[in-house]
Amino acid sequence: MSFLHAAIAPCYEIDFNGLNRDREGLASIAYQIGSENILTCRIRMQNDMRLIDMIDRELRFACLGAINVSIGEYRVACGDAGFTHDESLFRAVSTGLALEVAPKAGASEFPAANTTTPAKSRPPSSAPLLRV
């Protein structure tokens, strides 16, 4: 559970009584429950549900689901989908898809850092390696 009080820029409304200034703060209480599950050694799933109660507004329900799938050792496909709904007919839907690629272990951005000593000049494997 969380409580949020945000200072917002006041808005004005014009009606038959003239110009009326609205509130300068917005308070809300949010209840959230979530779970993260490892389905296999390569698939992870996360689900979150949130119920938000804002002052002078309708109760809002939001849900978000995400899945990460490992594709090989250095790549992960990430997908997510979510929606929000309240009684005032506010509805929002979102989706996303990403591919994350990590550099291989020991790799460097600079090619010169990956150079190796030629095989002829390497010491035998049993000899201690001393660099000065």
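Quick note: structure is the one above.
As a convention, each chain's residues are numbered from 1 in the sequence order in which they are written. Totals for whole chains, interfaces and linings use every residue, but because this is a predicted model, local features are given only for residues with pLDDT of at least 70 and side-chain atom pairs only at 80 or more, for both listing and counting. Each side-chain value is worked out from all heavy atoms of the structure, with water and hydrogens disregarded.

Asker: Can you lay out the overall build of the chain for me, pointing to particular residues and giving the numbers?
Answerer: When you go through the chain residue by residue, the secondary structure sums to 0 helices and 8 strands. Pairs at least 24 residues apart make up 28% of the contacts formed inside the chain by residues separated by at least 6 positions. Here the accessible surface of atoms and residues is derived via Shrake-Rupley with a 1.4 Å probe, and residues count as covered only by protein chains that are part of the display. Put simply, the chain shows about 11,000 Å² of open surface, and 60% of that area lies on carbon and sulfur atoms. Where helices and strands are cited, they refer to DSSP runs of H or I of at least four residues and of E of at least two residues respectively, numbered from the N terminus. In what follows, residue pairs with any heavy atoms lying within 4.5 Å of each other are defined as contacts.

Asker: I'd like a description of the environment of Ser88, backed by residues and values.
Answerer: The residue Ser88 is located in the loop between β7 (75–86) and β8 (91–101) in this model. On the basis of relative accessibility, which here comes to 47%, the residue Ser88 falls in the partly exposed class. Sequence-wise, Ser88 and Arg57 are 31 residues apart; in three dimensions their C-alpha atoms are separated by 8.5 Å. Categorising residues by exposure relies on relative accessible area from a 1.4 Å probe, with only protein chains included: less than 20% of the type maximum marks a residue as buried, more than 50% marks it as exposed, and the intermediate range marks it as partly exposed.

Asker: Could you give an account of the pattern of salt bridges, with specific residues and numbers?
Answerer: Note on definitions: salt bridges are taken to be side-chain nitrogens of Lys or Arg within 4 Å of carboxyl oxygens of Asp or Glu. Taken as a whole and assessed by the stated rule, the structure comprises 2 salt bridges. Two residues, Arg60 and Asp86, come together in a salt bridge whose shortest N-O distance is 3.4 Å. Taken as a pair, Arg60 in strand β6 (residues 60–70) and Asp86 in strand β7 lie far apart in primary sequence, 26 residues in all. With respect to burial, Arg60 and Asp86 carry one shared label: buried.

Asker: Would you mind going over the packing of aromatic side chains in detail, with residue names and values included?
Answerer: Planes of paired rings set the category: under 30 degrees apart is stacked, over 60 is edge-to-face and the rest tilted, where pairs are Phe, Tyr or Trp rings (Trp by its six-membered ring) whose centres lie within 6.5 Å. Counting across every chain of the model gives 1 aromatic pair. Seen from their ring centres, Phe61 and Phe83 are 5.9 Å apart, and the 55° between their planes marks the pair as tilted. Here the residue Phe61 occupies a position in strand β6, and Phe83 occupies one in strand β7, the gap between them amounting to 22 residues.

Asker: Break down the pairing of strand β3 (residues 18–21) for me, with residues and values.
Answerer: With 4 bridges joining them, strand β2 (residues 12–15) and β3 adopt antiparallel strand pairing. Paired with Glu13 across the two strands is Asn20, which belongs to β3. Here, strands pair whenever DSSP counts at least two bridges between them.

Asker: Explain the side chain of Asp86 to me, and be specific about the residues and the numbers.
Answerer: The class of Asp86 is buried, set by a relative accessible area of 4%. There is a polar contact of 3.4 Å between the side chain of Asp86 and the side chain of Arg60. In contact with Asp86, not counting residues within four places along its chain, are Glu58, Leu59 and Arg60. Think of a polar contact as two N or O atoms within 3.5 Å of one another; within protein, one of them needs to be a possible hydrogen donor and the other a possible acceptor, and neighboring residues in sequence only count if both atoms come from side chains.

Asker: Can you break down the pairing of β7 residue by residue, with the values?
Answerer: Sheet topology places β6 next to β7; 11 bridges connect them, and they run antiparallel. When the sheet's bridge partners are listed, Phe61 is paired in β7 with His85. The antiparallel pairing of β6 with β7 creates a hairpin that spans 4 residues between the two strands, and Gly72 there sits at a positive phi of about 80°. When β7 meets β8, the two strands line up antiparallel, connected through 11 bridges. Bridge pairing links Arg75 to Val101 in β8. Hairpin connection, β7 to β8: the antiparallel pair is bridged by 4 residues, and Leu89 has positive phi, about 65°.

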